[in-house]
Every structure is written in C-alpha cells, then in structure tokens.
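If you want the building blocks of each chain, they are given just below.
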Amino acid sequence: MITFENKPEINAEEIKDALTFCNRQILNNLPQFTDKFQKAYSEGGFYQPVENDDWTCGFWTGEIWLAYEFSGDERLKAAGETQIHSFLERIENKIAVDHHDMGFLYSPSCVAGYKLIGSSEGRKAAILAADQLIRRYHPIGEFIQAWGPMDAPENYRLIIDCLLNLPLLYWASEETGDAKYREIAEKHIHTAVANVIREDASTWHTFFFDMETGAPDHGATCQGYRDGSAWARGQAWGVYGMALAYKYTGREEYITLFKRVTEYFLTHLPEDMVPFWDLEFTDGDDQPRDSSSASIAACGILEMVKYLKPEEQGYYKKIARQLVKALYDHYAVKDMESSNGLVLHSTYSNHSPYNTCNHYGVDECNLWGDYFYMEALTRMDKEWELYW
Ligand code: GLY
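Source: prediction; values computed, not measured.

Before going further, it helps to examine the packing of aromatic side chains. How two aromatic rings sit relative to each other is set out by the distance from centre to centre and by the angle between their planes. Scanning all chains against the criterion turns up 36 aromatic pairs. Centroid distance F87 to Y106: 5.2 Å. Interplanar angle 75°. Geometry classified as edge-to-face. One end of the pair, F87, is in helix α3 (residues 74-92); the other, Y106, is in helix α4 (residues 102-117), with 19 residues separating them in the sequence. Across the pair, Y106 and F87 agree in class, each one buried. Ring pairing ties together the aromatic residues Y41, W55, F59, F104, W237, Y240, Y348, Y360, W368, Y371, F372 and W388, which thus form one cluster. Positioned above the aromatic ring of Y248, the side-chain terminus of K247 is 5.1 Å from the ring centre. The aromatic ring of F276 is capped on one face by R289, whose charged end is 4.2 Å from the ring centroid.

As structure tokens, this is what we get:
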C-alpha cells in the first residue's frame, strides 16, 4: 500500500480554522445566493447567481447546511429552508430533472434539511426526486440511465458518478417503507460495479449496454482525457461510491474493491497529492488540476474507515488527513477579496482531442469541490450524520 511519509496531516486547530472561514464565506454569500443559487463553477474565482436548474445546485444548499451544523447561525437555517422550497417547486414542476442526478440535487439539500431540522417540504421533495430517479431504471440491463431520452442507443449507458445518487433511494425506502427504491439501487450498484471497474482498478467514466439484450457493450469516457484513461473525478466517485455501496449493502466484496480503486487513485497522485484532471497526467504535465477529486476521495475514505478493521483504520485516516491538509495549505481560498468560493483549482470539464467534452470551469472553484471539502472537514471535526 502506498504511503506518503513526508506529508503532514491536518490538525484539529486547522480544521476549525478552515470551517470558520467556510462559515464566514457562506454567510457573506447569503444575500446574493438565497433566492438564487451559485453557478456550477466560478469565473475568475467568482460564482455568479443562477436559477435552480442545474445538476449542481444541491451542493450550494449542502454547504449552507454544513455551515449551519458548524455555527448554528439562524440565518443559515432560514436560507436552507428557502432553498428547500425552491427544490420542492423544481421537482413538482419537473424543471431540468430528466437525468440521473436526483441524489446530487436532493440529498445535500432536502434530505439534509429533513434530517437536521425536520423539514417536511424537504422530505416531500426528496421522495418525489427518488420517484423521478427510478423512472430512469432499465429492467433490461438493470441500470439507471444517466442522461438523455430513454429510447436512444446513444444514451443507453450508466456513469460511475451515479453511485452517489443511490443513497437517495435507500433513504426513500427507509422513509416510505417501500422496498422498490432500494431494490433498484442494488441492481444498479451490481451492474455498475461489474462493468466500470477495470482489471487494474482504474475506472470507466461511462459504460454502454445493448438495448435489445441488456448485455454489457463497451466503456467510453465523456469527461476524461481519453477512453481507457482514468478521469480523476470518476475515480474519486468510485472511491466514495464503493464506501457507500458497502454502507448500504454490507457486501464484503465492496470493501476489497474500495481498497483497489483507492490504491489506484493514490498511486496516480502528483507530488502534492492533489490530482490533475485525469490520472494520466502527473508532475511536469502542463494540465489543470481537479482539486475536487481530492475532497471527494477524502470523504469516501473517511466513510469507509467506519467499516474497516481497527488495524486498517489508521492508514486510511492518515491518508484522508493528508489529502485535506494539502487542500487546506495550497488550494483553499483564504482571502474573500480573491474569490467567493472555498477551494481553487478544480476542473469541471476539460476538452481533449479524444473526449466529447466542452471546455468550461477549468482551473476554477466548483460547487462540489467546495461542498466535499466542507464535508471532509466536518467529518474530521465531529461525528457527522451523512446527508447521503
Ligand atoms: N457528475 C458530473 C461531474 O462530476 O462532473
């Protein structure tokens, strides 16, 4: 197992300092971003206000709830409630919800608000979102389709990111007593894991199936550098996805897969432990970072630590603390004049000669990078009940 012997770990004082800054930054942002949401990525370090119509809006509300947990400031609670109302309207009116990202949208916003303050609007909205998500399930092929209309071969695929959308389904089964959500989640996990993780534990971003038979067809990247490379964030979704898969299914094989996917991620980090946007690249390559991948991986590792044998926990805890220390020291925003976000140097979508991506949100803050940095800090600050 790879170790990073010369790398410092974040300490309790630094965790408090980081959360204090995040809390202040979020409070400062409330006047502009309560009735509106932050855009998926910053431009020149600054988020602009947008309507609640992207797959990313839930992360901003999630940041508000994490800040509320930290400081108990009533202004945060009121903003969170306003945003939950917006999420209820969004799902009732089906605004930009024809995709699989219901978990990213509704877990850190509405499930969180229900768990933290008993929001009945949050509960209602999140159950409607779970209903919306299971409509994308293909019984032939046994997976939840990520994007696009359901009847087109070019859309007949799952993506690794979806592992984070499934906790919403487990939560909905728990809340409603109806097993259908959980059963679909379990089928999807099985299909995803069997296909997106390669022999060497690197991961496909997306995987296609045959529409007639449901048989696995081929892997392809969308946001990675090329087919066959490991998109850094996809690998990080795999790390956290395996931890959540184990949490919800208790299947031992997911612990083994977690360790292998994590090892691949860690062995492809550059010197400062914060990955380039695709794990193909390393020190000396003139490529942007994706700092959000380090935060996502740290959260997944901290989740999995709970289920590992005591003698294994120390290794993973240390790695998570080293990852967050690297972010805190060199990537976190420290000065509100330079950015209204929390973590710099993330990459949403970088074009390459071999992928189908647009070029935006490159070397900027992005909402999930900010959210998962705060989640990782919160996990190290106290016993934290998951929003996922
Ligand atoms: N789930 C989309 C992304 O990670 O960019």
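Another point: the sheet that holds strand β7 (residues 216-220). The strand order across the open sheet formed by three strands is β5-β6-β7, and the pairing between neighbours is antiparallel. The sheet is open, and its two borders are formed by β5 (157-159) and β7, each paired with just one other strand. Each strand of the sheet is rotated relative to its neighbour by a mean of 25°, with strand direction disregarded. Of the pairings in the sheet, the one linking strand β6 (residues 206-209) to β7 comprises four bridges and is antiparallel in character. Note that in β7 the partner of F208 across the bridge is H218.

Further remarks concern the pattern of salt bridges. Applying the stated criterion to the full structure yields 22 salt bridges. Here K325 ties to D329 by a salt bridge, and the two come within 3.2 Å at their closest N and O atoms. With K325 and D329 both in helix α11 (residues 310-330) and four residues apart, this pair spans about one turn of that helix. Relative accessible area serves as the criterion here: at 10%, K325 is assigned to the buried category. Measuring nitrogen to oxygen at the nearest pair gives 2.9 Å for the salt bridge that ties R379 to E375. A residue pair is termed a helical-turn pair when its members lie 3 or 4 positions apart in one helix, as R379 and E375 do in helix α12 (residues 367-381) at four residues.

So, about the nonpolar core. Y106, L169, F372, Y373, L377 and W388 are the most contacted members of the largest nonpolar core, which totals 135 residues. Tallying contributions element by element places helix α8 (residues 232-249) first for this core, with ten residues. Ignoring sequence-local partners within four residues, the contact set of Y106 consists of F87, R90, I91, V111, A125, A126, A129 and L168.

Taken together, the residues surrounding the ligand are W55, D161, Q223, W231, R233, W237 and Y348. Take D161: an N or O atom from its side chain is 2.7 Å from a nitrogen atom of the ligand. R233 places a polar side-chain atom, nitrogen or oxygen, 2.6 Å from an oxygen atom of the ligand. A breakdown of the residues in the shell around the ligand according to their chemical character gives four nonpolar, one polar and two charged.

Here is what the cut-offs are and how they apply
- Residues numbered from 1 in each chain as written.
- Predicted model: local features only at pLDDT ≥ 70, side-chain atom pairs only at ≥ 80, totals over all residues.
- Heavy atoms only, no water.
- Phe/Tyr/Trp six-rings, centres within 6.5 Å; stacked < 30°, edge-to-face > 60°.
- Helix = DSSP H or I, 4+ residues; strand = E, 2+ residues; numbered from the N terminus.
- Buried < 20%, exposed > 50% of the residue type's maximum accessible area, 1.4 Å probe, protein only.
- Lys NZ or Arg CZ within 6 Å of the ring centre and 35° of its normal.
- Pairing = 2+ DSSP bridges.
- Axes fitted to C-alpha atoms, helices over the stretch in contact; angles between N-to-C directions.
- Salt bridge = Lys/Arg side-chain N within 4 Å of Asp/Glu carboxyl O.
- Core = buried A, V, L, I, M, F, W, Y, C linked by side-chain atoms within 4.5 Å.
- Contact = heavy atoms within 4.5 Å.
- Near = heavy atom within 4 Å.
- Polar contact = N/O pair within 3.5 Å; in protein donor to acceptor, adjacent residues only side chain to side chain.
- Nonpolar A, V, L, I, M, F, W, Y, C, P; charged D, E, K, R; others polar.

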